[in-house]
Amino acid sequence: MISAVRCWLRPVFVGSLFFVTAACGGPKYDVRVLDSAQVQVAPPSPAPGVAAESPVSPNVPVKTVPARELKPYQRPYTVNGVRYDPMLDHRGYVEEGVASWYGEDFHGLKTSNGEIYDMHAMTAAHKTLPLGVYVKVKNLRNGSEEILRVNDRGPFVKGRIIDLSFAAAKALGVAGPGTAPVRVEALGTRVQDARGQISYQPLPSYDIGSYAVQVGAFTVADNARRLAAEMKSRFGASDIQEDDVNGRRYYRVRVGKFTSLDAAEAAKTDFERSNYPGAFVVAFE
């Protein structure tokens, strides 16, 4: 499997792309996250109990945003030149195909959502399903079913749709043969009430999260510090993100702590009107 994707990936910004590096060893892969790619996003999911509009309704607004406005694990990425676009909404996903599994070689390494891979936990890797979503996997050969949580990316082998942890593969009867035909159905996030009853709900909207507005990037640290201090005094929150690009250190000044993308977009517009025409929104984990 691809250890460059099996690890928590460190972005290195180069122009409109950021490359991905991994320190966990294993084979080398050309893995890139496309932070400036344009992504179409649907409106926020309705609250529980509120009927959603038809996804094909012409009245449903769909907007296009740069990928950098999404959380890092939601952004499009390429592996050896093949592009993958993570889903922002799991609802309606059902697919049949071949499952494989991964185990000891990756046990203890970081997964794509930053967790430590535990081959004895009931988890799975998927190329595009939202990380954190639960799926029901049925082995079409023997009829066994299990519910797993997606916390990793992969498999990147042609013809395979999901990669199971060793524990999941053993429970489903896939560990022995190595692969098996399966049906994968996305369920949602797991919720347990006071009585211990488990249900599955839609993921929180991409619009809800932690956002800031980047207003400048400098190669001189003192310049970034002066602007960050000014921004903090005016707006209450500002920090500096440091990145190395082609051996050169950049200091990126980010302002604000916004809990929704719409609020951050509104702030970005204000900055654009206030002598920061290159301002843009960034998302944090």
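This text gives an overview of the structure that appears in the document.

Calculation notes
Residues numbered from 1 in each chain as written. Predicted model: local features only at pLDDT ≥ 70, side-chain atom pairs only at ≥ 80, totals over all residues. Heavy atoms only, no water. Helix = DSSP H or I, 4+ residues; strand = E, 2+ residues; numbered from the N terminus. Buried < 20%, exposed > 50% of the residue type's maximum accessible area, 1.4 Å probe, protein only. Contact = heavy atoms within 4.5 Å. Areas by Shrake-Rupley, 256 points an atom, 1.4 Å probe, with all protein chains shown as cover. Pairing = 2+ DSSP bridges. Axes fitted to C-alpha atoms, helices over the stretch in contact; angles between N-to-C directions. Salt bridge = Lys/Arg side-chain N within 4 Å of Asp/Glu carboxyl O. Expected span 1.5 Å × (residues − 1). Arc of directions from axis to C-beta. Phe/Tyr/Trp six-rings, centres within 6.5 Å; stacked < 30°, edge-to-face > 60°. Lys NZ or Arg CZ within 6 Å of the ring centre and 35° of its normal.

1. Concerning the overall build of the protein chain
Stage number 1. Check the secondary structure of the protein chain and you find three helices and 18 strands.
Stage number 2. When each of the 285 residues of the protein chain is scored for burial, the buried share is 43%.
Stage number 3. Partitioning the contacts of the protein chain with sequence separation of at least 6, the portion at a separation of at least 24 is 69%.
Stage number 4. For the protein chain, the exposed area adds up to about 14400 Å²; of that, 51% sits on carbon and sulfur atoms.

2. Digging into the sheet that holds strand 18 (residues 280–284)
Stage number 1. Spatially, four strands are ordered 16-17-15-18 in an open sheet, and the strand pairing comes out antiparallel. Bordering the open sheet on either side are strand 16 (238–245) and strand 18, each of which pairs with just one other strand. Averaged over neighbouring strand pairs, the angle between their axes works out to 40° when direction is ignored.
Stage number 2. Running at roughly 15° to strand 17 (residues 248–260), helix 2 (residues 221–235) makes contact with strand 15 (208–218), strand 16 and strand 17 of the sheet.
Stage number 3. Packing against the sheet, helix 3 (residues 261–272) makes contact with strand 15, strand 17 and strand 18, and its axis sits at approximately 125° to strand 17.

3. Section: the environment of P202
Stage number 1. Within the secondary structure, P202 is located in the loop between strand 14 (198–201) and strand 15.
Stage number 2. Considering only alpha carbons, one finds P202 and H90, 112 residues apart in sequence, at a separation of 7.6 Å.

4. Describing the pattern of salt bridges
Stage number 1. Inspection of the entire model under this criterion finds twelve salt bridges.
Stage number 2. Two residues, E185 and K136, come together in a salt bridge whose shortest N-O distance is 3.9 Å. In this pair, E185 sits in strand 13 (residues 180–192) while K136 sits in strand 10 (residues 134–139), placing the two residues 49 residues apart along the sequence.
Stage number 3. Within the structure, one salt-bridge network assembled from shared partners comprises K136, R183 and E185.

5. A short note on helix 3
Stage number 1. Taking 1.5 Å per residue as the helical rise, helix 3 with its twelve residues ought to reach 16 Å, and the 16 Å between its terminal C-alpha atoms agrees with that figure.
Stage number 2. Turning to helix 3, its buried residues number three or more, namely L261, A264, E265, A267, K268 and F271. Looking straight down helix 3, one finds its buried side chains confined to an arc of 165°; they lie on one side.
Stage number 3. Against the buried residues of helix 3 lie strand 15, helix 2, strand 17 and strand 18.

6. Here's the deal with helix 2
Stage number 1. For helix 2, which comprises 15 residues, the first-to-last C-alpha distance of 21 Å matches the rise-based estimate of 21 Å (1.5 Å per residue) to within 8%.
Stage number 2. The complete set of buried residues in helix 2 reads A221, A224, L227, A228 and M231. Taken around the axis of helix 2, the buried residues stretch over an arc of 130°, which confines them to a single face. With respect to the buried face of helix 2, the exposed residues turned more than 90 degrees away are R226 and S233.
Stage number 3. One or two positions beyond helix 2, positive phi appears at G236, with a value near 90°.

7. Quick word on the packing of aromatic side chains
Stage number 1. Taken as a whole, this structure holds nine aromatic pairs when the rule is applied.
Stage number 2. Judged by centre distance (6.1 Å) and plane angle (85°), the ring pair of Y77 and F156 falls under edge-to-face. Residue Y77 is found in strand 6 (residues 77–79), and its partner F156 is found in the loop between strand 11 (145–152) and strand 12 (160–165); the two are separated by 79 residues along the sequence. In this pair, the class of Y77 matches that of F156, namely buried.
Stage number 3. Following the ring pairs from residue to residue traces out a cluster consisting of Y77, Y84 and F156.
Stage number 4. The ring centre of F280 lies 3.9 Å from the NZ or CZ of R68, which sits over that ring.

Geometric values such as these leave the question of function open.
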